[in-house]
Amino acid sequence: MTVTVERSTWLATLPKAHLHVHLEGAARATTIAEFANRHRLPTPGVADFNDLPEFLDCFRQVTDVIATPEDLQRVICEFVADEAAEGVRYSEPMVGPWLYADRFGWSVPDTLAFIDGTFQQAARRHDIEVRYLLGVNWARPPDWIEQAARFAVKHARNVAGLGLAGVEPADGFERYSRAAAIIRAHGLLVVPHLGETQGPQSIRAAITALRPHRIAHGVRAAADPRLLDELAEHRIVCDVCPTSNVRLAVTSDLASHPLPRMLRHGVAVTLNADDPTLLDTTLTSEYQHVGNALGFTDHQLADLAAEAASTAGMTEATRTALLSSIRRWLADDQPAKEGHRG
Ligand code: ADE
Ligand code: ZN
């Protein structure tokens, strides 16, 4: 007898690494509503946006309701549990301790120790690995970002690198060069958001100034085939988020997403959910969408999962286990796989 399972069920079992996800954008909607109620704050309208600036306003409202250390602890614990349920074995969320240090009246090192302790305890409970990017907003002054970079390298135990998020600038990336150099010199990752709202010229300028290891998004690079070739040649990985790109009007629909073009040029691409709750998606859904809308086979989806497993800041032990479990997933000849439906 052939038993069929939904493709989403099958894809949830694909072992994954998740490299582009913002902690607060992944907080459960029910939890956010509960916190808003408890603190008598407006409940963030989680679908109320049409572009990046409107979205970022909504994102800020979500961070506002995470008002106490207990709130933050719960968001982190639920995040790790949800990642594990999606088949994630290595998660690298972006989180900034500075906001919470101000809010709780704690020092930044104490706040990071609290965040780290909570992540690591939850990671042990769910048997996954979690490291994180310390996230700073592009709008912060360059000196401040340089201090953040020094902080990151000083407290680097489970810090994978520095992430730059928010509205990417069009130019002037040299002012962030020193921060990026500090991160690189200590073997951490430089992961800026680029190519989401700005095009090839800006992406090129940023690459020259920052020499990033990975780029969050990078999809607008697809407008310039030579830039795609350069990304491939220098193995600058693009952590792509298809649903986010559609919801934030970066691409018109999933079917015309530039991901296949990027792959044809040899760019290393990983699949991610960005802000799963706010964008009404999950990491498994992203794999499913790419399977359905872009016609990717299980083999091609497993290749994307393997790319994420090859490029992240995880330990060698996690990488080896992840890559071999992806191979096992693909080789699994259970009838459910053959008969799965979209
Ligand atoms: N912060 C959270 N999600 C983001 C996105 N997609 N782009 C820039 N900054 C973000
Ligand atoms: Zn992002």
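A brief structural summary. Since this is a predicted model, take the numbers as computed values, not measurements. (Residues numbered from 1 in each chain as written. Chains lettered and ligands numbered in written order. Predicted model: local features only at pLDDT ≥ 70, side-chain atom pairs only at ≥ 80, totals over all residues. Heavy atoms only, no water.)

Moving on: the coordination of the zinc ion (ligand 2). With distances of 2.1 to 2.2 Å, the protein atoms coordinating the zinc ion (ligand 2) are His 20 (NE2), His 22 (NE2), His 193 (NE2) and Asp 274 (OD). The site at the zinc ion (ligand 2) holds four donor atoms, and with the angles between them running 83 to 172°, its shape is irregular. In the primary structure, the donors to the zinc ion (ligand 2) are separated according to the pattern H-x1-H-x170-H-x80-D. Remark: Asp 274 occurs in the loop between β10 (269–271) and α13 (283–293) and His 20 occurs in the loop between β1 (16–18) and α2 (29–38); sequence separation between them is 254 residues. Taking the relative accessible area as the measure of exposure, His 20 reaches 2% and is therefore buried. Classification of Asp 274 by relative accessible area gives buried; the value is 2%. (Donors = N, O, S within 2.8 Å, 3.2 Å for Na, K, Ca; no water. Tetrahedral: all angles 85-135°; square planar, octahedral: opposite > 155°, others 65-115°. Helix = DSSP H or I, 4+ residues; strand = E, 2+ residues; numbered from the N terminus. Buried < 20%, exposed > 50% of the residue type's maximum accessible area, 1.4 Å probe, protein only.)

The next point concerns the site of ligand 1. By nearness alone, every residue bordering ligand 1 is listed as His 22, Leu 52, Phe 55, Leu 56, Phe 59, Ala 165, Gly 166, His 193, Glu 196, His 217, Asp 274 and Asp 275. Take Glu 196: an N or O atom from its side chain is 2.7 Å from a nitrogen atom of ligand 1. Between ligand 1 and Asp 275 there is a distance of 2.8 Å, counted from a nitrogen atom to a side-chain nitrogen or oxygen. When isolated, ligand 1 has an accessible area of 260 Å², and the protein chains bury 98% of it. It is helix α3 (residues 52–65) that contributes the most residues to the shell around ligand 1, four residues altogether. Split into classes, the residues belonging to the shell around ligand 1 amount to five nonpolar, four polar and three charged. (Near = heavy atom within 4 Å. Polar contact = N/O pair within 3.5 Å; in protein donor to acceptor, adjacent residues only side chain to side chain. Areas by Shrake-Rupley, 256 points an atom, 1.4 Å probe, with all protein chains shown as cover. Nonpolar A, V, L, I, M, F, W, Y, C, P; charged D, E, K, R; others polar.)

The next point concerns the nonpolar core. With 108 residues, the main nonpolar core has Leu 72, Phe 119, Leu 134, Leu 231, Met 262 and Tyr 287 as its most contacted residues. A total of seven residues in this core trace back to one element, the largest contributor, which is helix α14 (residues 298–311). Sequence-distant contacts of Leu 231, defined by excluding residues within four places in its chain, comprise Ile 207, Ile 215, Ala 221, Ile 236, Cys 238 and Val 267. (Core = buried A, V, L, I, M, F, W, Y, C linked by side-chain atoms within 4.5 Å. Contact = heavy atoms within 4.5 Å.)

As defined by bridge partners, strand β7 (residues 189–194) adjoins strand β8 (residues 214–217) across two bridges and the pair is classed as parallel. The partner of His 193 across the bridge, within β8, is Ala 216. Pairing of β8 with strand β9 (residues 237–240), which is carried by three bridges, proceeds in the parallel orientation. Paired with Ala 216 across the two strands is Asp 239, which belongs to β9. Once you follow β8 into helix α10 (residues 225–233) and on to β9, the crossover reads as right-handed. (Pairing = 2+ DSSP bridges. Right-handed = clockwise from strand over helix to strand, strands pointing away.)

Under the counting rule described, the total for this entry stands at twelve aromatic pairs. Measuring from ring centre to ring centre gives 6.3 Å for Phe 55 and Phe 59, while their planes differ by 45°; the resulting arrangement is tilted. Linking Phe 55 with Phe 59, this pair stays in helix α3, spanning four residues, or about one helical turn. Take Phe 55: its relative accessible area is 3%, and that puts it in the buried class. An angle of 75° between the planes, with centres 5.7 Å apart, marks the rings of Trp 138 and Phe 173 as edge-to-face. Within this pair, whereas Trp 138 is found in the loop between β5 (132–137) and α7 (142–154), its partner Phe 173 is found in the loop between β6 (159–165) and α8 (177–185), the two being separated by 35 residues in sequence. (Phe/Tyr/Trp six-rings, centres within 6.5 Å; stacked < 30°, edge-to-face > 60°.)

Below, the discussion takes up the environment of Ser 252. You can see Ser 252 is positioned in the loop between α11 (242–247) and α12 (259–264). Residue Ser 252 is classed as exposed on the basis of its relative accessible area of 64%. Within the structure, Ser 252 has its side chain in polar contact with the side chain of Ser 256 (distance 3.2 Å).

In spatial order, the strands read β1-β2-β4; together these three strands make up an open sheet with parallel pairing. Single-partner strands in this sheet number two, and they are β1 and β4 (129–130). The pairing of β1 with strand β2 (residues 88–91) spans three bridges and is parallel. The partner of His 18 across the bridge, within β2, is Ser 91. Those strands touched by helix α4 (residues 69–85) are β1, β2 and β4, and its axis lies near 135° from that of β2. (Axes fitted to C-alpha atoms, helices over the stretch in contact; angles between N-to-C directions.)

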